[in-house]
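Structural overview for review
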Amino acid sequence: MDMKAYLQRVNLTDTAPPSLSALRELHRHHVYSVPVEGLSIHSGERIIFDISWIYNKIVVRRRGGFCYENNGLFLWVLQQLGYKTQVLSARVRNQTYGTYGLPFDHMILMVEVEGRRWLCDVGYGEGIVEPFPLEVGWEEEQDSGVYRLRVEGEAWYMERKEDDGWRSLFKFTLVERTFEDFREMYEYQQTSPDAFFVRKSLCTLQLPHGRLTYMGHRLISTKYIKGGRSVKTTQELTEEEIPGVLRDKFEIVLSGKLIPKDD
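Summary of the structure given here. Predicted model, so just to flag it, every value in this text is computed and none were measured.

1. Observations regarding empty space enclosed by the protein
- Counted by the stated rule, this structure contains 2 cavities of 30 Å³ or more.
- As a volume, the largest cavity reaches approximately 80 Å³.
- What lines the largest cavity is a set of 14 residues, and nearest its centre among them are Val31, Val36, Val122, Tyr124 and Arg211.
- Per-element accounting of the lining of the largest cavity gives the leading share, 3 residues, to strand β10 (residues 202-207).
- Partitioning the lining of the largest cavity into residue classes produces 8 nonpolar, 4 polar and 2 charged.
- Considered as a void within the structure, the second largest cavity measures approximately 40 Å³ in volume.
- Looking at the second largest cavity, the residues that line it are Asp121, Gly127, Ile128, Met158, Leu169 and Phe170.
- The residue makeup of the lining of the second largest cavity, split by class, is 4 nonpolar, 1 polar and 1 charged.

This is how it looks when you write it as structure tokens:
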């Protein structure tokens, strides 16, 4: 596992010693370079719970991954660079039913730098682009939208502004976890018929002021407009077109045949 190769993967030549500006740059470059995707699940590849395997997949093979892979690799990077980090467990909100997922449903990171705590998350499909201040009531507009943190008791809610108000993305507590704590859910997310990444063949990448998403037989382009609004356009894809779209739009070439899915 080589730090220089990781930096090259996220389009950086070098990074400064731990600081807020360096953390912001790392976070932003990761989300702009590494997709959130679960395509392995639909192309016959087993996702292994091992940082070395994840490093090889994302850095050497130039793939993406779901939250445990992206944030797991980012955790290793921050630790190697000397950042003070903590792993936190989050539960993603189902936007259809309004319910939250199981414990350890989503992995996020907390980083302490320059006397403040920052939420880092490079593994959520439509989330923050830069570290977010871990402060009650903080509201901030980033390239991907307007976000805020709300607290009820011990639960923190990451919310995003939509046309009709605020929408909760996930909730979490500040109880420190370890990467190993996510092993069981790591397996669940790639095997359970109820898991999001099992139900959908998904690949999504943050762009400057936008997002490109492949799902099932669709390519969705999202343009973010200042103030939290967005405009989406959808292109229908044939099964024969999908490999070319993944190669040309996301720089992903799968080793096995993809079976599109969007349940």
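2. With respect to the pattern of salt bridges
- Here the structure, examined in full by the defined rule, presents 24 salt bridges.
- Note that Glu162 is salt-bridged to Arg160, the shortest N-O span being 3.9 Å.
- A network of salt bridges, in which partner residues are shared, links Glu37, Glu45, Arg61 and Arg63.

3. Description of the layout of surface pockets
- What the largest pocket holds in volume is close to 1300 Å³.
- Lining the largest pocket are 43 residues, and of these Val92, Arg93, Gln95, Tyr124 and Phe196 lie nearest its centre.
- Of all the secondary-structure elements, those providing two or more residues to the lining of the largest pocket are α4 (67-81), β8 (155-162), α5 (183-191), α6 (196-199), β10, β11 (210-215), β12 (218-225) and β13 (229-236).
- The dominant element in the lining of the largest pocket, judged by the number of residues it contributes, is β12, at 4 residues.
- Tallied by class, residues from the lining of the largest pocket come to 18 nonpolar, 13 polar and 12 charged.
- In this structure, the second largest pocket encloses a volume near 170 Å³.
- Taken together, the residues of the lining of the second largest pocket break down into 8 nonpolar, 1 polar and 3 charged.

4. Regarding the sheet that holds strand β4 (residues 116-120)
- Taking strand neighbours across the sheet as the criterion, the 8 strands line up as β5-β4-β3-β2-β9-β8-β7-β6 in an open arrangement whose pairing is antiparallel. Looking along the sheet, the strands with just one partner apiece sit at the ends: β5 (132-133) and β6 (139-142).
- Across 3 bridges, the pairing between strand β2 (residues 84-92) and strand β9 (residues 165-172) is antiparallel. Along β9, the bridge assignment pairs Arg91 with Lys171.
- Sitting on the sheet, helix α2 (residues 20-33) touches β3 (106-113) and β4, and the angle it makes with β4 is about 5°.
- On top of the sheet, α4 reaches β2, β3 and β4; it is set at about 20° to β3, its chief contact.

5. Comments concerning the packing of α2 against α4
- For the pair α2 and α4, the least separation of the axes is 12 Å and the interaxial angle reads 155°. Taken together, the axes of α2 and α4 lie roughly antiparallel to each other. As α2 runs across α4, the sense of the crossing is right-handed. Counted together, Leu23, Leu26, His27 and His30 of α2 and Asn70, Leu73, Phe74, Leu78 and Leu81 of α4 form the full contact between these two elements.

Calculation criteria
Residues numbered from 1 in each chain as written. Predicted model: local features only at pLDDT ≥ 70, side-chain atom pairs only at ≥ 80, totals over all residues. Heavy atoms only, no water. 1 Å grid on protein atoms, 1.4 Å probe; cavity = no way out; pocket = protein on both sides within 12 Å on 5 of 7 lines; lining within 4 Å. Points joined across faces, edges and corners; volume = space filled by probe spheres on them. Helix = DSSP H or I, 4+ residues; strand = E, 2+ residues; numbered from the N terminus. Nonpolar A, V, L, I, M, F, W, Y, C, P; charged D, E, K, R; others polar. Salt bridge = Lys/Arg side-chain N within 4 Å of Asp/Glu carboxyl O. Pairing = 2+ DSSP bridges. Contact = heavy atoms within 4.5 Å. Axes fitted to C-alpha atoms, helices over the stretch in contact; angles between N-to-C directions. Parallel < 35°, antiparallel > 145°, perpendicular 65-115°, else oblique. Left-handed = near helix turned anticlockwise from the far one by under 90°.

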